[in-house]
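Spelled out, the chains give:
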Amino acid sequence: MEPQEQRNFLIAMAAMIAFVFLYQYFVMEPAQKRYEAEQAALAAATQVPSADTGVAEVLGPKPLEAALSEGERVKFNADAVDGTIRLAGARIDDLSLKQFYTTVDRVEEIRLLRPEAAEAGYFATYYWADGNTLVAGRNSAWTQVGGSTLTTASPVTLRLETEGMTIDREISIDANYMFTFRDTLTNTSGAARTVRAIGSLERHGDWKRFLEITDPASATSGGPAHLGLMGVVEGDLRLQKYKPLYQSKKISGESKDGTFFSDQGGWWGLTDMYWMGALVPEQVRPFTASVNRASLARGGPLEVRTEAEPVQIAPGASLTVENRVFAGAKQFEVLQGYEKSGLPRFVDAIDWGWAYFLTKPFFYVLHWLNGHLGSFGWSILAFTVLVKLPLVPLYNASFKSMAKLKKLQEPMKQLNERFAADPQRKQQELMKLYKEEGANPIGGCLPILFTIPIFYALYKTLYVSLEMRHESFWFLKDLSAPDPTAIGNLFGLIPFWSGADVKSIPIIGIIIGIGILPILYGATMAALQSLSPPPPDKMQARIIMAMPIVFMFVFGGFAAGLVMYWVWSNVLTFIQQYIIMRMNGVETELGKFVATRLGLKKAQAE
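Remember, predicted model here, so these are calculated numbers, not experimental data.

Please clarify how the overall build of the chain should be interpreted in this entry.
Across its full length, the chain carries 19 helices and 20 strands. Burial status across the chain gives 46% buried among its 606 residues. For the chain, contacts bridging at least 24 residues in sequence account for 67% of all contacts bridging at least 6. Total accessible area computed for the chain in this model is approximately 29800 Å², and 61% of it derives from carbon and sulfur atoms.

Next comes the structure, spelled out in structure tokens:
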């Protein structure tokens, strides 16, 4: 191609690329947004009308203390949580987790629930409705008639007196994160009343902003963890991530009217990486679960709801109904305890992912090891060894194949030079060489393919494990956070310059802020590469040689526990592969290096 033609070709390609990007930005994206808005409005219109809980976006959020000072409140101080309940609407809208903190300094507790008027408002309650009319609504004037401060040992009682109905609500909390609303409804009218309980879990504002305020560390490390709607109805786990949830997209399994029916118990809530709020309606009574799309369509907050089957109360009669609210940490033993008590699949509030058949048993073993070793860091190292043991035969077959290929490097190089002008003949001779030596060019890859799901499952297990959060190990203060060390301050030898300060420097901080674990990962990856035969193509060889450096910087932002697992896994793999290479008479780059150094020392000694 002539230079002028090359220039014209490049100009045409650049113009085409610019046209595609501009068309995407100015035409396709606005059209997509209009379509999503139309779909959201359509979904809200087709949803079965229900009692309107008066959900409306709060304008201009107030400071937290100002929001908490509005109206009367009931204090609670239980074993695992503390906070207050707003009497207006009987809302749990101020809740902190006593055993979990925003940072490793353990100063500020994780605040999961906040008042509606505050930024990132988030609260739960149960309403009562007669048809489409609320008997107990979002701002109903409850009064405290029993108890003082809610504790694990002492419940409190609230009362709501409305026209024709009196509701006494006893609120209790267990040693963990489950609140129980025991409502006794008394029909004070002269006619029968048909009412139903409506559970409401309501979150205001942008979901990403909520995560930043609640738990800044997990807000930037969601990764493969499921964040969004999560619930169990009819024994089936239902999921929808926040983004499509806010776009009112259809949820798999929902009915035409946008609801899920269950007569087998269940729960319905919103989950983040480590925390969850969930409605647990009375398990013996059928209920429907839904997302309030009408609220989203009018720009209001996200509300997930449960509506129980209506009950009829005769004049002068009373009826007692129990509903529950979970608001807390997704601790395995806690969730398991609730599941054993009859709450279906509550352990699945932990995001096991598509490889649940591996991640679940992996976590059980890790949990068992942690209980015996007393350290999640040692548990990771021990479990990596346990996982690798059954894979030894597969890796042996793979490494033996690579060893044979490495021995054939010189003959292959000669064939490449000899038949450089005849690719077909060169391929024939290569196949002949492989056959004579019993080598398989893809034999080193196939066994490893079977191990990929296993190590992905282990990665997923570690990523979503609450047990790794703020867990210290050796020089690491938090296994769920990136390596805090930095090469720029000589890994902490310069005391007046912290690793965080080094990493925060624009651009250059990415380089000099790299920690010791990512560097070890790059080193162990390069060591592994030295045991494998390089590709014949020089460009491919250069790319592969650069991979350890690339991954070293990529993993710089990963959780330290994950990087530690990868480093330890590489070390074990290197030892195994090196032994097999030496057993097959293959000289390795490391062996050559060691021999050279020993030779020099011997010469110096003489």
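What is the right way to look at the packing of helix H9 (residues 376-388) against helix H18 (residues 560-583) in this model?
To characterise two packed helices, one gives the angle between the axes of the helices and the distance between these axes. The contact between H9 and H18 brings their axes to 10 Å, and the two run at 40°. Comparing the axis directions of H9 and H18 gives the class oblique. When the axes of H9 and H18 are compared, the crossing they make is right-handed. Contacts between H9 and H18 pair Gly377, Ile380, Leu381, Thr384, Val385 and Lys388 from the former with Gly561, Met564, Tyr565, Trp568, Ser569, Leu572 and Thr573 from the latter. Counted by class, the contact of H9 with H18 contains seven nonpolar, five polar and one charged residues.

Would you mind going over the packing of helix H16 (residues 516-529) against H18 with me for this structure?
One way to put it is that H16 packs onto H18 with a least axis distance of 9 Å and a crossing angle of 25°. Between H16 and H18, the interaxial angle falls into the category roughly parallel. The way H16 lies across H18 gives a crossing that is left-handed. Facing H16, whose interface residues are Leu517, Pro518, Leu520, Tyr521, Thr524, Met525, Ala527 and Leu528, H18 presents Ala560, Val563, Met564, Trp566, Val567, Asn570, Val571, Thr573, Phe574 and Gln577. Among the residues making up the contact of H16 with H18, the classes are represented as 14 nonpolar, four polar and no charged.

Even after reading the chapter, I still don't get the confidence of the model for the chain, so can you show me in this structure?
Caution applies to low-pLDDT parts of the model: their predicted coordinates are not meant to be read in detail. Scored by pLDDT, the chain has a mean of 81; 76% of the residues are at 70 or more. Here residues 34-46 is a poorly scored stretch, pLDDT under 50, and it has 12 contacts once near neighbours within four places are set aside; other chains count. Across residues 600-606, confidence stays below pLDDT 50; counting only partners more than four residues off in sequence or on other chains, it has zero contacts.

Would you take a moment to explain the nonpolar core for this structure?
One finds Val81, Leu95, Phe179 and Trp267 to be the most contacted residues of the largest nonpolar core, which totals 123 residues. Here the element with the most residues in this core is helix H13 (residues 446-464); it accounts for eight residues.

Where do I start with the pattern of salt bridges in this structure?
A side chain with one charge may pair with a side chain of the opposite charge, provided their charged atoms come close. Enumeration according to the criterion identifies 24 salt bridges in this entry. Between glutamate 116 and arginine 91 there is a salt bridge, with its nearest N and O atoms 2.8 Å apart. On the criterion of sequence distance, the pair formed by glutamate 116 in the loop between strand S4 (109-113) and strand S5 (122-130) and arginine 91 in strand S3 (residues 91-101) is long-range, its members being 25 residues apart. The exposure class assigned to glutamate 116 is buried, which follows from its relative accessible area of 16%.

Sorry, what's going on with empty space enclosed by the protein here?
Unfilled space is identified by rolling a water-sized probe across the atoms. This structure, assessed with the given rule, holds one cavity of 30 Å³ or more. Lining of the largest cavity is provided by Ala225, His226, Asp272, Met273, Lys330, Ile350, Asp351 and Val464. Here the lining of the largest cavity is composed, by residue class, of four nonpolar, one polar and three charged.

Help me understand the sheet that holds strand S7 (residues 143-146) in this model?
By way of backbone hydrogen bonds, the strands of a sheet pair with one another, either parallel or antiparallel. The strand order across the open sheet built from nine strands is S7-S8-S9-S10-S20-S16-S15-S12-S13, with neighbouring strands paired in antiparallel fashion. Edge strands, defined here as strands with exactly one partner in the open sheet, are S7 and strand S13 (236-241). Averaged over all pairs of adjacent strands, the angle between their axes in this sheet comes to 20°, without regard to strand direction. Strand direction decides the pairing type here: S7 and strand S8 (residues 156-162), joined by three bridges, are antiparallel. Bridging across to S8, glycine 146 finds its partner in threonine 157.

It is not clear to me how the packing of aromatic side chains should be interpreted in this structure. Could you clarify?
Geometry of an aromatic ring pair is reported as the spacing of the ring centres plus the angle between the planes. Taken as a whole and judged by the stated rule, the model has 27 aromatic pairs. Here tyrosine 242 and tyrosine 246 contribute two aromatic rings whose centre-to-centre distance is 6.5 Å and whose plane-to-plane angle is 45°, an arrangement assigned as tilted. With a gap of four residues between them, tyrosine 242 and tyrosine 246 both fall in helix H5 (residues 242-246), about one helical turn apart. Among the residues examined, tyrosine 242 registers a relative accessible area of 0% and is labelled buried. Under the relative-accessibility criterion, tyrosine 246 is labelled partly exposed at 25%. Aromatic side chains phenylalanine 260 and tryptophan 268 sit 5.2 Å apart centroid to centroid with 50° between the ring planes, which places their arrangement in the tilted category. Neither phenylalanine 260 nor tryptophan 268 differs from the other in exposure class; each is buried. An aromatic cluster is defined as three or more aromatic residues linked by ring pairs; in this entry it consists of Trp354, Tyr456, Tyr459, Tyr463, Phe558, Tyr565 and Trp566. Positioned over the ring face of phenylalanine 123 is arginine 91, at 4.3 Å from the centre of the ring. Just above the ring of phenylalanine 210 sits the side chain of arginine 203; from NZ or CZ to the centre is 3.7 Å.

How each quantity is defined
- Residues numbered from 1 in each chain as written.
- Predicted model: local features only at pLDDT ≥ 70, side-chain atom pairs only at ≥ 80, totals over all residues.
- Heavy atoms only, no water.
- Helix = DSSP H or I, 4+ residues; strand = E, 2+ residues; numbered from the N terminus.
- Buried < 20%, exposed > 50% of the residue type's maximum accessible area, 1.4 Å probe, protein only.
- Contact = heavy atoms within 4.5 Å.
- Areas by Shrake-Rupley, 256 points an atom, 1.4 Å probe, with all protein chains shown as cover.
- Axes fitted to C-alpha atoms, helices over the stretch in contact; angles between N-to-C directions.
- Parallel < 35°, antiparallel > 145°, perpendicular 65-115°, else oblique.
- Left-handed = near helix turned anticlockwise from the far one by under 90°.
- Nonpolar A, V, L, I, M, F, W, Y, C, P; charged D, E, K, R; others polar.
- pLDDT = per-residue confidence, 0-100.
- Core = buried A, V, L, I, M, F, W, Y, C linked by side-chain atoms within 4.5 Å.
- Salt bridge = Lys/Arg side-chain N within 4 Å of Asp/Glu carboxyl O.
- 1 Å grid on protein atoms, 1.4 Å probe; cavity = no way out; pocket = protein on both sides within 12 Å on 5 of 7 lines; lining within 4 Å.
- Points joined across faces, edges and corners; volume = space filled by probe spheres on them.
- Pairing = 2+ DSSP bridges.
- Phe/Tyr/Trp six-rings, centres within 6.5 Å; stacked < 30°, edge-to-face > 60°.
- Lys NZ or Arg CZ within 6 Å of the ring centre and 35° of its normal.

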